[in-house]
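Structural features, examined
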Amino acid sequence: MIIEKIKPMVIKLCGDPEHRWWRLHIESVVKYSKLFAKKMNADEEILEVSAWLHDIQKIKGNRKLHHVNGAKEAEKILMKFGYPEDKIKQVKHCILTHSSDKNYPPESKEAIILHNADSLSHFDNSMPFAHWVYGLDKLSIENGRNVLIDKYKRDWNKLTLPEARKIAKPKYDAIKIVLKK
Ligand SMILES: [Fe+2]
Ligand SMILES: [Fe+2]
């Protein structure tokens, strides 16, 4: 099974204490992707592979165009494991379209699910974003708060599936209370 090959590889990448929280994010995206694959009768294998690999570039510290470069890297990895070409094409589309980049809108059912699952997971793990703005980018309290408010607004807008909004709503409401000026 392809998952048995890529899962340990991604977990190992997240193993560095600096990147440990990535594992929380990836596992939560996998969880939501599989949940919606079942609900919407989508291809669960394509979704699970895409979810494990979707942020591979970001995990390695490459934030710029991580969706474009990540799709290319996923192709290389999957080809190495002899994964079928038509499936690789589907995975690449999911990874390329998972971010909020409007140049690459999700078109397949699987891509729409990954796009939603990715944002949905952000409502489960909000501390890493606080770490980003204050710990890594060293923003002021006020600027950090504004970045977080905008970030969560974008994540909420990325949720196009009513069911995903239903899951995120109470968490988004709570986050808005915490971030309120
Ligand atoms: Fe991403
Ligand atoms: Fe992600």
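The residue count restarts for each chain, going from 1 along the sequence in the order it is written. Labels are handed out in written order, letters beginning with A for the chains and numbers beginning with 1 for the ligands. Local features are withheld for residues below a pLDDT of 70 in this predicted model, meaning they are given only at 70 or higher, and side-chain atom pairs are given and counted only at 80 or more; totals for whole chains, interfaces and linings count all residues. To get the side-chain values, take all heavy atoms of the structure and skip hydrogens and water.

**Points about the coordination of the iron ion (ligand 2)**
- Only H25 (NE2), H54 (NE2), D55 (OD) and D118 (OD) from the protein reach the iron ion (ligand 2) as donors, at distances of 2.1 to 2.2 Å.
- For the iron ion (ligand 2), the four donor atoms in the first shell make angles of 87 to 174° at the metal, a pattern classed as irregular.
- Note on donors: an N, O or S atom is included if it sits within 2.8 Å of the metal, or within 3.2 Å for Na, K and Ca, and water is never included, so sites can look incomplete. The two metals, the iron ion (ligand 2) and the iron ion (ligand 1), are separated by 3.5 Å and share D55 as a common coordinating residue. D55 matches H54 in its accessibility class, with the two residues each being buried. Note on geometry labels: four donors, all angles 85 to 135 degrees, give tetrahedral; four donors become square planar and six octahedral when opposite donors are over 155 degrees apart and every other angle is between 65 and 115; remaining cases are irregular. For the exposure calls, accessible area comes from a 1.4 Å probe over protein chains only, and a residue counts as buried if that area is under 20% of its type's maximum, exposed if over 50%, partly exposed in between.

**Some remarks on the nonpolar core**
- Membership of the largest hydrophobic core comes to 51 residues, with the highest contact counts inside it found for V10, V49, W52, L53, L78, Y83 and F123.
- For this core, the element with the highest residue contribution is helix α2 (residues 20-39), accounting for eight residues.
- Only heavy atoms matter for contacts: two residues are in contact if any of them lie within 4.5 Å across the pair. Sequence-distant contacts of Y83, defined by excluding residues within four places in its chain, comprise I2, E45, I46, V49, L78, I88 and V91. Here, nonpolar core means buried Ala, Val, Leu, Ile, Met, Phe, Trp, Tyr and Cys residues that are tied together by side-chain atoms lying within 4.5 Å of each other. Numbering of helices and strands runs from the N terminus, with a helix taken as a DSSP run of H or I at least four residues long and a strand as a DSSP run of E at least two residues long.

**Some remarks on the coordination of the iron ion (ligand 1)**
- At this site the iron ion (ligand 1) is bound by D55 (OD), H66 (NE2) and H98 (NE2), with donor distances of 2.1 to 2.2 Å.
- When the donors of the iron ion (ligand 1) are listed by position in the chain, the intervening gaps give D-x10-H-x31-H.

**Topic: the pattern of salt bridges**
- Take a side-chain nitrogen of Lys or Arg and a carboxyl oxygen of Asp or Glu: if they are within 4 Å of each other, that pair is a salt bridge. The final tally for this structure, using the stated rule, is 13 salt bridges.
- Across the pair R23 and E27 runs a salt bridge whose closest N-O atoms are separated by 2.9 Å. Taken as a pair, R23 and E27 lie in helix α2 at a separation of four residues, close to a single helical turn.
- Between K158 and D118 there is a salt bridge whose closest N-O contact spans 3.4 Å. With a gap of 40 residues between them, K158 in helix α9 (residues 141-158) and D118 in helix α7 (residues 109-122) connect regions that are remote in the sequence. This pair shows no difference in class: K158 is buried, exactly as D118 is.
- Within the structure, one salt-bridge network assembled from shared partners comprises K31, D124 and K171.

**What to know about the layout of surface pockets**
- A cavity, in this analysis, means grid points on a 1 Å lattice covering only the protein atoms where a 1.4 Å probe fits yet has no way out; a pocket is instead an open set bounded by protein on both sides within 12 Å along at least five of seven lines, and a residue lines either one if it has an atom within 4 Å of a point. Grid points are joined across faces, edges and corners, and a volume is the space filled by probe spheres set on the points. Approximately 490 Å³ is the volume attributed to the largest pocket.
- Lining of the largest pocket is provided by 24 residues; of these, K58, H122, W132, K151 and R154 occupy positions nearest its centre.
- Ranked by residues supplied to the lining of the largest pocket, first place goes to α9 with six residues.
- When grouped by side-chain class, the residues that make up the lining of the largest pocket number eight nonpolar, six polar and 10 charged.
- There is about 210 Å³ of room inside the second largest pocket.
- Lining the second largest pocket we find S99, S100, D101, K102, Y104, P105, P106, H115, R154, N157, K158 and T160.
- Sort the elements by how many residues they give to the lining of the second largest pocket and α9 lands first, with three residues. Charged means Asp, Glu, Lys or Arg here, nonpolar means Ala, Val, Leu, Ile, Met, Phe, Trp, Tyr, Cys or Pro, and polar covers whatever is left, Gly included.

**Looking at the environment of H66**
- Structurally, H66 is set in helix α5 (residues 66-80).
- Taking relative accessible area as the criterion, H66 reaches 7% and is therefore assigned buried.
- Considering only alpha carbons, one finds H66 and I56, 10 residues apart in sequence, at a separation of 7.9 Å.
- Every residue in contact with H66, bar those within four places of it in the chain, is listed here: H54, D55, Q57, K58, H98 and S99.
- Here the side chain of H66 touches H98 through a polar contact of 3.1 Å, side chain to side chain. Here a polar contact is recorded for every N or O atom pair within 3.5 Å, except that within protein the pair must consist of a potential hydrogen donor and a potential acceptor, and residues adjacent in sequence are included only if both atoms are side-chain atoms.

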